[in-house]
Every structure is written in structure tokens, then in C-alpha cells.
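# Tertiary structure, described
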Amino acid sequence: MTLAARDTVSTEAAGARPVILVPEKVSEDGLALLTPHFDVDLKLGLSPDELKSIIPRYHGLIVRSETKVTAEVLQAGGMLKVVARAGVGVDNIDVPAATAQGIIVVNSPSGNIVAAAEHTIALLLATARNIGRADASVKDGKWERSKLVGVEVGRKTLGIVGLGKVGLNVARMAKGLGMQVMAVDPYASADMARHAGVEMVPELANLLSSVDFLTIHTPLLATTMDLIGEAELKTMKPTARVLNVARGGVYNEAALLKALDEGWIAGAGLDVFTSEPPAADTIAGRLVRHPHVVSTPHLGASTVEAQENVSLDVCTQLVQILRGGLPTSAVNAPIILPEEYRKLQPSVQLVEKMGRLYTQHYVRSKGGMVGGRKFELIYHGDLAGMPNTKPLFAALVKGLVASFSDSNVNIVNASLIAREKGIVINETHARQAHDMTYSNLVTLRSVPESDGSGSEQVIEGYASDKRVYISRLDRFHAAFSPEGTLIILHNYDKPGKIGGVGMVLGSHGINIRFMQVASLAGESKRDSVMEAPEANEALMILGVDGEVDGNVLDGLKKSDGVLDVSLVKL
């Protein structure tokens, strides 16, 4: 019996064998791994109601991008142990709902790397040589050689934002075409970039004005949404071309359309859009039809080989999980004993927030890097006696990379991702009392990796009554909950400062939800200003509602006595 014929077989006859539902077309090479152990039902084209009605009888579910695995579907799937996404993105799966019900969600983050990189190069060449317009012209019976003169890519400069697995493959292919390659990525390994012949630059601004082609390979996060807007496009060469095989939204589509219309850049090769398929009356729809745009319908992962790779990957993981093993690419919560997880869960949330706070306060706002620094997680009180702190380690890695990477970090792959990103983390169980006020205090300490001295950066926090708090930030005592949008100001503590900051925010329609003034740790305010009152420093932590853009931050930086400002979104 072929796999395709299994949709006629009743799962009620499956006996004790687990049953797997496959509602979308998946490579049979992958499904062949399942049939020795499980019964596989292919039921293509299920409606949402049909999926919800039949899911209770299944132990595993394999989907691609079309099937919506909602909280209702997951709740109905009383026997579900694992949902496997044959691909990278899990936007169509309610991951928090799956986690809440103990359902493991896995994906295949590496199966389509080569396909995405090759498609990027294909669009690069197509935009350089006007392939799309030329093909349409010839098919229309025309022969317009003089109108379709292109440019060579050899000896041109390609800029890459995000030198992860796809970005690095693009770089290697571009070097094979004789291109110069520059990249920006705070996590990229300097040695790996050097071996690939890639010149690393510290800031995006250093890249844009120098490149002839620009490609972005980052996830779509709050920090990468509209990464390239009008201001950035205006700094590029008028002969430059941009590419997107990552996620719709990393380029501001309205700004990109304007740049093409105004001649700020020469062209674009786009595979992804903010809405797919793009409606004719939208900005994305106008981009698709623009004469200087080569458009493809999200084909980055659409190769026979890529579809086979992701199918083999997720089916292998599904076999391991349903036979009692661990996944290699779990998207959701770490897998530990339930009683251990209950005790650790508040601190897991705390440590992830500390990692996010670190990258946004110390790295992104100040132009630093996570790589090249050594981190130490110090557990105090009850946490110091916990035998399994791997979820805390994984939470820190997840928090540190969240603002710059789409890596799905979990207890299985946290150490590997940390190594890939050049992040060195040591864990210390402080048996001696540090602060008896809190039973689960965590200290995050960071120093330069070279000698471990100087430029120490510290964040300290604790969990209480299922809420988490930051109690120290750098040299300052604090007491705030790390959630929502935060503005952190380093300033001289003197009369009128709060009012001045409030006026700046008020003028931009920004509402202050809470405010915390943090004093210098380990010293008295009065003692610190006996000789130089104007030098008394403090941190002002503001929880705000409203859109905080560059104009707001610039206004705050210009306020009298403000030393530094950082924007944090948690």
C-alpha cells in the first residue's frame, strides 16, 4: 500500500501504534522514516473545522505553512505529543498554547539554507541584468537590447546584514562571483568571517553607503522591523540594488517604493512581502509590479532538495520524541522533570529577560558586541541548590540572541548556539548567603573575555510571587519589572530632571506608566556628592506607552544632564 493510499485507512484500526496526521504535502522520503513505527494518515486539504474534529485521535502532526495549528486545535488534540513544522517559521503554530499543554513543537532551521542562499544569488543576478523585464519583453515579441543594459557583479561590493548560516552561504557564493563582501552582525565569528573573505563592519551605517548590492538575512523581530527605511535608503548609492529573501517587513515597503520611484536606488529583488500574496491595491502590490523590481512568490525554500531535507529532519525528530528521545530543534520550552520546571519557571523567565535587557541596554544602544565577552550566571539562595539549571542557561542564551537572531534556543541546543555565537557562559552556585531578602536571586556578570577584568557589566534580579524584578543594573540599585517598553536614562541626579524628561515625552505623546530612579549601588548619595554635587549619577527607568522613535531619543539625549539613553523592549 502506498503512503498516498493511507487516507482511506481508518485510524481506529491502528491499535497501540501511535498515529501521525499529515494534512499537507510532505516528501515521502521523510514519511518513509515513520511507517516502520507509526501509522501515517495523509489527509490533504482539511478545513479548520475538519482538522479540529479529527485531531483528538492523533499523537503527532506534521504541517508546512498552510495549516493553522491554533490553540483550539491543540486543546482538542488530547493525545498530541508533538507538532512538527516541515520548514523554518512557526508563525502558523500557536507555540505558547502548545507549550502550556506539554506539546513539543519542532522545526527544521537548517534544511533550506542552501536553497535560500542560491535564490538570493539568483535575484542578485536577475536585478543586475534585468532578467525579469527582458524575459517579459521577449515573450511580448519585442527585442529591446538597448533598453536593458545591465551591470556586472564581479568586483562589485555586496553588503550582508546577518551573517548566519544563510548569510554566510550567500557570502561564499558571492566571493565565487568575484564580489567583495562586507557584513554587519554583532554575533558573527570574526575567524569564520575572515576565512570566508568577509569584511566585518561595526554598524549598519558603515555598510550602506559602500555597497552595490544589499541583502538582509535576519528574522522579523521588533528590532529588525523596518530596519531599512527612508533614512537608510537615502544613504545608498543611486546604482545600488537591494534583495530580500528573509522576511517581509525588514525593509519598509513604502520607503522602498519611494526610493525606487525617486531613483535613490536602482532596483530590488524581492521574494517576501508583508502580506502574501500581495493585493493589487497595497504598497506590496505596487512593488511587485514596479519595473525596477524582480519579484518571486516566496520561493526561497522551494527546491526539491530543500523540501526533502526539511521532511527528513522533522520526521527524524518526530520518531525520536515519540520513542522517548529528545528533539534537536525544539522551538518551545525546555524538557525537564515537571517538578523541577515548576520551581525553575519564574527564574527562567527572569534570566531570559535579563539577557534581553543586556543586549538592548549594553549592546544595541551602545554599539557593542556580545561576542568577545564572558558571562557568569551566579545563583543564590534556593537556586544555588538546584541540581538542574540547564533551563536557566538556555534562557540566558535565548535572551542574549533574541534581538539579533532567529535561533530557536532550547535546553537541547543552547550550548551549541552559544558556541556558534561566540558566547562564553559560566554558571556558579553561590552556597554562601548573598542577600537573604530573596531566596532565588540571580546575578548576571559580564567582563571582556580576553583577561576577565575591567568594564564589568552587572544585572541582578529575583522572582517573587510569579513576577520578576531587576534589583541592580550596572552600578545602580533598582526595583522595576522588566516588561513592556522601557527608556533607561543615565543622568546627573539634580532638581528638575524628572520634569524635563516628562516634557520631552509629553511633547511626543508618550505616556509614562511608571518611573524608577536608581541610585548608585554601594554608596550613599550624600557621600557621593559632598565634593561635587553635580557629579551625583543616577539611572531613571521609565515604563512608557507609545511609539518611541529616534526623535524621542534624540530629544532626551539633548536634555540637560543626560549622559546616555537606551530603549529596551521586553
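Attention here is on the structure that accompanies the text.

What counts as what
Residues numbered from 1 in each chain as written. Predicted model: local features only at pLDDT ≥ 70, side-chain atom pairs only at ≥ 80, totals over all residues. Heavy atoms only, no water. Helix = DSSP H or I, 4+ residues; strand = E, 2+ residues; numbered from the N terminus. Buried < 20%, exposed > 50% of the residue type's maximum accessible area, 1.4 Å probe, protein only. Contact = heavy atoms within 4.5 Å. Areas by Shrake-Rupley, 256 points an atom, 1.4 Å probe, with all protein chains shown as cover. Pairing = 2+ DSSP bridges. Right-handed = clockwise from strand over helix to strand, strands pointing away. Core = buried A, V, L, I, M, F, W, Y, C linked by side-chain atoms within 4.5 Å. Patch = residues over 30% accessible without salt bridge, like charges linked within 9 Å, V, L, I, M, F, W, Y side chains within 5 Å. Salt bridge = Lys/Arg side-chain N within 4 Å of Asp/Glu carboxyl O. Polar contact = N/O pair within 3.5 Å; in protein donor to acceptor, adjacent residues only side chain to side chain. Axes fitted to C-alpha atoms, helices over the stretch in contact; angles between N-to-C directions. Parallel < 35°, antiparallel > 145°, perpendicular 65-115°, else oblique. Left-handed = near helix turned anticlockwise from the far one by under 90°. Nonpolar A, V, L, I, M, F, W, Y, C, P; charged D, E, K, R; others polar.

### Digging into the overall build of the chain
- Each helix and strand in the chain was counted, giving 19 helices and 22 strands.
- Relative to its 570 residues, the chain shows a buried fraction of 49%.
- Put simply, 67% of the contacts in the chain that link residues at least 6 apart link residues at least 24 apart.
- When the accessible surface of the chain is totalled, it reaches about 26000 Å², and 52% of it is carbon and sulfur.

### Thoughts on the pairing of strand 4 (residues 82–85)
- On strand 4, burial covers both faces: Val 82 and Ala 84 on one face and Val 83 and Arg 85 on the other are all buried.
- Note that strand 3 (residues 60–63) and strand 4 share four bridges and pair parallel. Considered in strand 4, the bridge of Val 63 is made with Arg 85.
- With helix 3 (residues 71–76) bridging strand 3 and the parallel strand 4, this β-α-β connection has right-handed handedness.
- Direction of pairing for strand 4 relative to strand 5 (residues 104–106): parallel, over a ladder of three bridges. Counterpart to Val 83 in the pairing with strand 5 is Val 105.

### Topic: the nonpolar core
- With 46 residues, the main nonpolar core has Val 397 and Ile 459 as its most contacted residues.
- Top contributing element to this core by residue count: helix 14 (residues 338–364), with nine residues.
- When residues no more than four places from it in sequence are discounted, the contact partners of Ile 459 are Met 354, Leu 357, Tyr 358, Tyr 362, Val 442, Thr 443, Leu 444, Ile 470, Arg 472 and Leu 473.
- Ranked by size, the runner-up nonpolar core spans 30 residues in total, among them Met 182, Leu 204, Ala 240 and Trp 264.

### Concerning unusual backbone geometry
- In this chain, Glu 276 is followed by Pro 277 through a cis amide linkage whose omega measures -5°.
- Positionally, Pro 277 belongs in the loop between strand 11 (267–270) and helix 12 (283–289).
- With a phi angle near 55°, Asn 130 is a residue other than glycine that sits in the positive phi range.
- Counting through the fold element by element, Asn 130 comes out in the loop between helix 5 (113–128) and helix 6 (131–139).
- The backbone of Arg 155 sits at a positive phi, close to 70°, despite the residue not being glycine.
- Here Arg 155 lies in the loop between helix 6 and strand 6 (157–161).
- The exposure class assigned to Arg 155 is exposed, which follows from its relative accessible area of 65%.

### Quick word on the environment of Leu 505
- On the secondary structure map, Leu 505 appears in helix 17 (residues 497–507).
- A sequence separation of 50 residues divides Leu 505 from Gly 555, and the C-alpha atoms of the two residues are 8.5 Å apart.
- For Leu 505, the residues in contact, after removing those within four places along its chain, are Ile 487, Ile 510, Ile 512, Leu 542, Val 544, Val 552 and Leu 556.

### Notes on the pairing of strand 11
- The alternating pattern of strand 11 places Gly 267 and Gly 269 and Ala 268 and Leu 270 on opposite faces, both of which are buried.
- Pairing of strand 10 (residues 241–244) with strand 11, which is carried by four bridges, proceeds in the parallel orientation. The residue bridging Val 242 from the neighbouring strand is Ala 268, located in strand 11.
- A crossover connection joins strand 10 to the parallel strand 11 through helix 11 (residues 253–262); in handedness this β-α-β unit is right-handed.
- The pairing of strand 11 with strand 12 (residues 293–295) spans three bridges and is classified as parallel. Residue pairing in the sheet places Ala 268 in a bridge with Val 293 of strand 12.
- A crossover connection joins strand 11 to the parallel strand 12 through helix 12; in handedness this β-α-β unit is right-handed.

### A word on a nonpolar patch on the surface
- Among the surface-exposed residues, Ile 498, Ile 512, Met 515 and Val 517 lie close enough to one another that they form a single nonpolar patch of about 290 Å² accessible area.
- With three residues, strand 20 (residues 511–518) is the single largest residue contributor to the nonpolar patch.
- The topology assignment puts Met 515 in strand 20.

### Structural notes on the side chain of Thr 389
- By the secondary structure assignment, Thr 389 is in the loop between strand 13 (373–379) and helix 15 (390–401).
- A polar contact of 3.0 Å, which involves the side chain of Thr 389, links it to the side chain of Glu 427.
- Residues contacting Thr 389, with those up to four places away along its chain left out, are Tyr 379, Leu 383, Glu 427 and His 429.

### Focus on the packing of helix 5 against helix 7 (residues 165–176)
- Close contact between helix 5 and helix 7 brings their axes to 8 Å; oriented N to C, the two are set at 50°. With respect to each other, helix 5 and helix 7 are oriented oblique. Here helix 5 runs over helix 7; the crossing is right-handed. Taken together, the residues of helix 7 that come into contact with helix 5 (itself represented by Ile 113, Val 114, Ala 116, Ala 117, Glu 118, Thr 120 and Ile 121) are Lys 165, Val 166, Asn 169, Val 170, Met 173 and Ala 174.
- Tallied by class, the residues present in the contact of helix 5 with helix 7 amount to nine nonpolar, two polar and two charged.

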